[in-house]
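Here is how the chains run, residue by residue.
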Amino acid sequence: MLEIRDLVVSYGAVRALHGVSLRVERGEIVTLIGCNGAGKSTTLRAVSGMVRPASGTIEFEGRSIARMKPHEIVRLGMAHCPEGRGIFANMTVEENLRLGAFTRDDAEGIAADHERALTLFPRLRERLRQSAGTLSGGEQQMLAIGRAILTRPRLLLLDEPSLGLAPQVVRTIFQIIREINAAGTTILLVEQNAHMALKVAHRAYVLEVGKIEMEGPAADLAASDEVRKAYLGVA
Amino acid sequence: MDQFLQTLMGALAIGSLYALIALGYTMVYGILKFINFAHSDVVVLGAWGSLVFARWAERTAGWSQTPWYLGGVVLIAAMVLCGTVGFLVERLAYKPLRRAPRINVLITAIGVSLFLQNTGQLEAVFGTRPASIPRLVGDRTIAQIGLVKIEMLDVVGLFTALSFMLGLDWLVFRTKIGRAMRAVSFNPQTAGLMGVPVDRVISFTFVLGSMLAATGGFLWALKYSQVNQPADTGWTLLGLKAFVAAVVGGIGNVRGAMLGGLAIGLLEQFGSAYLSSSLSDVYVFSLLIVVLLFRPSGILGSTAVEKV
Amino acid sequence: MSHETPPTPGLVSSLVRGYMPFVVAVGVAIVMQVVVRPNVDPYPAKLLLDIGINCILAVSLTMVNGFTGQFSMGHAGFMAVGGYASGAITYYTSMRVWGAGEARGGVLSGMLGGEGLPWLTVGDGLFLFSLIVGGVVAAGLGYLVGLPSLRLKGDYLAIVTLGFGEIVRVVIQQTSPVLTSAEEVRQATILQLPTHVGGSLGFSGIPYYTGLFWVYLGVCVTLIVAFRLKTSTFGRAFLSIRNDEIAAEAMGVNTTRYKVWAFVIAAFFAGIAGGLFSHTLGVGLSPEAAGFLRSFDVIIMVVLGGLGSISGAVAAAIIVTLLPEWLRGVAEYRMIIYALALILIMIFRPKGLFGVREVWDRATWAWLSRRKSGTGARGGARE
């Protein structure tokens, strides 16, 4: 579904990605792990069009999207939950959710997804009229994912959903990620919390300083000594 | 008591004018985070455009008395003119500078302002002599309270201004495009991720602001017997006061701009009536300085901490 | 790069240390007055004078806009205050002491004649005194305006300074007519005199002391101070504020103090320029001198020359002064051309013609031969 080949991205004079290649098949959860500054977020940003690559190709369902603008890419069936949630604090929870469906015009489908999002995240239902800026970190993450559901994407890009959240909340979020995937959405997940990421994903890539160092089924990587030492805190 | 009512009427009239113009400043600031100095020149364009069009219509149609609908037609023509100019300015002068430091955009805005002013002053365009718009609204007094006359003109003006403001409020807070505008003003990048066509929304905002400016200019031309040349300092002062209104109300906040316009109108009129009229400009600027020093976010703004 | 250890030397002492450049300045000024002026026609001589005054204005604004990256739009306000203050001092003192308001300068003053006069007279002393006072008054106002306002962010500072210029204009418009008879002047108290500066009709009758000597003395002193400011510890502090104010603050740079200092110094020189301007033959000082149109004139010079380049500001001042001459035939379109030039420069050459560098830095000309390097990320730096 998503194919990235030799992606090179620079911020001005600083090169963030040195030729990254990865692929995501339909129906999978693929995770990209690595430490801070490795370039994980940059990869997602390049895919969703927020950042223009210096070279390399990005293909979504056979179509080259490397030079497209974000709002065009989203219309193709992709959604991106950016780092830091990216919710609009100047609007209510309800308005945030509705924004997710901006590109859609099937009122029935939107209403169904709206219901689905509120069922997955009951706490949002209570807070529909509240300003989104007053939500807690966990609630904001739920809102961000709920909003993404309303986009009804075929591919969902998640950037560090666990960031700054309490362990219990993180478990809930990852459970929901599994459910969303089971319902048919392919997911590319970027995570610093390698433990949770590898539990939930089918396949994984390890990104280090702008280059893919390892790849393979998530279970294998979780069992590998290298990964355990470097990312899972096991001596 | 009569003077109070008279002053109040005047304050409402000029306040709604300031509000219309302030809306343009606040919307552009909200979405692009810079002060569009050229906005007041769009107001001038609205005033002169209305004037020229009304005169032309009168001449070609040969009416002995202007029909009631001409006002509406002239207003729409002015809005189209200003909307187009606003669109072009945004695309040609401001869009290339989206990522530039703020000082550069400010300077460009000054450049655009000077360009519009001086092009407007060319003989081929509007010239340098004052002119006045033909009578588009009947000269009737609608009511009288004590010694205070309520003119048809004031009522029409206030009604027009209020309906536009309410319309804008509805658009921004109750429609999809309004949500898109607010999303872009909060974070253009994330808005793009929602599928919002950011560039088009920005252009749309500009066009809206320019159309409101056109309305402001049109109402001004109606109300005041003389429309001065485009580079006259009076226009820049009008723009500045409207900008102060936007800041006082909370820059970037649409309802704040309306509130601010009213506040400035009240301050100016009551200050002139009860204190000294020659210092009316000073009151307004002093208010600006006070607000910026003690509550820079304005009445309805929220203090946003600059993230490092 | 050598590491400067605290405590840093005082600002004023670092600016005036080393008197040689000032001696050279006096020399240059004398040459301008005594050699250049008599051998040049009156019209070009007037142009030279205008160029000089514009240089002082442009370089002084560079100290604020260029060095610290703050955007002051009321520079003309300081110029007007200096002009009015010094004009009032020379005029009314002349009236009080000599009973008449004409210039009593020596060879080094004024633009006309000068045969048989001494090099410097008491009148010149009065003029110099009034110039400096004008500068100090402007500087004081700069402090009052700068201290609260420089806490504000760029856009707001621009508006407040714009408002300041307008307030100055309006306040001057409220003043009373100039006193024309020696009797009236003698009877008025010292405090009353400053309020009689003409109002909207303008201040006429200021003695014509300004000549190439004084102007170019002013230009040289301004340049010396500007260069010292730029290359000193203070200059580095300014530049750090301009590049990233928050980072500078985190490094311990008291940004507000430096911004205010730059503002005050710039206001001082604007005041001096105003004083020189108001004493020029053929000039009518009016409240419009404080208006934003005049401020824009100076802003155009600074932007054209490069925000932060002193020599660029000088070059731009020269160009902007001479441009109306060259564009004689299309006078109507002059402002339009300015405006378009401003817009185009901002789009294509945003750092002005010279950017932060000086004309003689080789890097300035490198852009002519350098090819565009590879694409940068569209997203730019992370949020």
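Scope of this entry: the structure provided in the associated data block. Here the structure is a predicted model, which is why all the values come from computation and not from measurement. (Residues numbered from 1 in each chain as written. Chains lettered and ligands numbered in written order. Predicted model: local features only at pLDDT ≥ 70, side-chain atom pairs only at ≥ 80, totals over all residues. Heavy atoms only, no water.)

We now examine the overall build of chain C. Helix and strand counts for chain C come out as 15 helices and zero strands. Here chain C holds 383 residues, and 54% of them are scored as buried. In chain C, of all internal contacts separated by at least 6 residues, the share reaching a separation of at least 24 is 80%. Per element, the accessible surface of chain C, about 16,800 Å² overall, is 66% carbon and sulfur. (Helix = DSSP H or I, 4+ residues; strand = E, 2+ residues; numbered from the N terminus. Buried < 20%, exposed > 50% of the residue type's maximum accessible area, 1.4 Å probe, protein only. Contact = heavy atoms within 4.5 Å. Areas by Shrake-Rupley, 256 points an atom, 1.4 Å probe, with all protein chains shown as cover.)

In this assembly, 42 residues from chain C lie in contact with 45 residues from chain B. Of the roughly 3,900 Å² buried between chain C and chain B on both sides combined, carbon and sulfur atoms contribute 78%. Considering only the surface of chain C that becomes buried against chain B, Asp 155, Tyr 156 and Ile 159 of chain C emerge as the three largest contributors, covering 17% of it. On the surface where chain C and chain B come into contact, there are zero salt bridges. Linking chain C with chain B are zero residue pairs in polar contact (both at pLDDT 80 or more). (Buried area = accessible area lost by both parts, 1.4 Å probe. Salt bridge = Lys/Arg side-chain N within 4 Å of Asp/Glu carboxyl O. Polar contact = N/O pair within 3.5 Å; in protein donor to acceptor, adjacent residues only side chain to side chain.)

Moving on, we come to the packing of helix α1 (residues 2–32) of chain B against helix α9 (residues 233–249) of chain B. Residue and element names in this part refer to chain B. Between α1 and α9, whose axes approach to 8 Å, the crossing angle comes to 70 degrees. Judged on the interaxial angle alone, α9 and α1 are roughly perpendicular. Residue-level contacts link Tyr 18, Ile 21, Ala 22, Tyr 25 and Thr 26 of α1 to Leu 238, Gly 239, Leu 240, Lys 241, Ala 242, Phe 243, Ala 245 and Ala 246 of α9. For the contact of α1 with α9, the per-class residue count stands at 10 nonpolar, two polar and one charged. (Axes fitted to C-alpha atoms, helices over the stretch in contact; angles between N-to-C directions. Parallel < 35°, antiparallel > 145°, perpendicular 65-115°, else oblique. Nonpolar A, V, L, I, M, F, W, Y, C, P; charged D, E, K, R; others polar.)

Within the element layout of this structure, Gln 226 of chain B appears in the loop between α8 (198–223) and α9. In the structure, Gln 226 of chain B is positioned 96 residues away from Pro 130 of chain B in sequence and 6.2 Å away in space, judged by C-alpha atoms.

All right, on to the pattern of salt bridges then. All told, the structure shown has 26 salt bridges over all chains when counted by the stated rule. Taking the shortest distance from any N to any O, the salt bridge between Arg 5 of chain A and Glu 3 of chain A comes out at 3.5 Å. Taking the relative accessible area as the measure of exposure, Glu 3 of chain A reaches 30% and is therefore partly exposed. When the shortest N-O distance is used, the salt bridge between Arg 26 of chain A and Glu 61 of chain A registers 3.7 Å. With Arg 26 of chain A in the loop between β2 (14–24) and β3 (29–33) and Glu 61 of chain A in the loop between β4 (55–60) and β5 (63–64), this residue pair connects regions lying 35 residues apart in the sequence. Since its relative accessible area comes to 56%, Arg 26 of chain A is described here as exposed. We classify Glu 61 of chain A as partly exposed; its relative accessible area is 32%. Connected through shared salt-bridge partners, Lys 69 of chain A together with Glu 90, Arg 91, Lys 95, Arg 98 and Asp 199 of chain B make up one network.

A few words on the sheet that holds strand β8 (residues 186–191) of chain A. Residue and element names in this part refer to chain A. With mixed pairing, six strands are arranged side by side in an open sheet as β6-β7-β8-β3-β9-β10. Each end of this open sheet is capped by a strand with a single partner; those strands are β6 (78–81) and β10 (211–217). The mean angle between the axes of side-by-side strands here comes to 15 degrees, regardless of whether they run parallel or antiparallel. Of the pairings in the sheet, the one linking strand β7 (residues 155–159) to β8 comprises five bridges and is parallel in character. Note on β8: the bridge partner recorded for Leu 157 is Leu 188. Helix-sheet contacts for helix α1 (residues 40–48) involve β3, β6, β7, β8 and β9 (203–208), and the interaxial angle to β7 is about 145 degrees. Each of β6 and β7 touches helix α6 (residues 137–151); the most contacted strand, β6, lies at about 170 degrees to it. (Pairing = 2+ DSSP bridges.)

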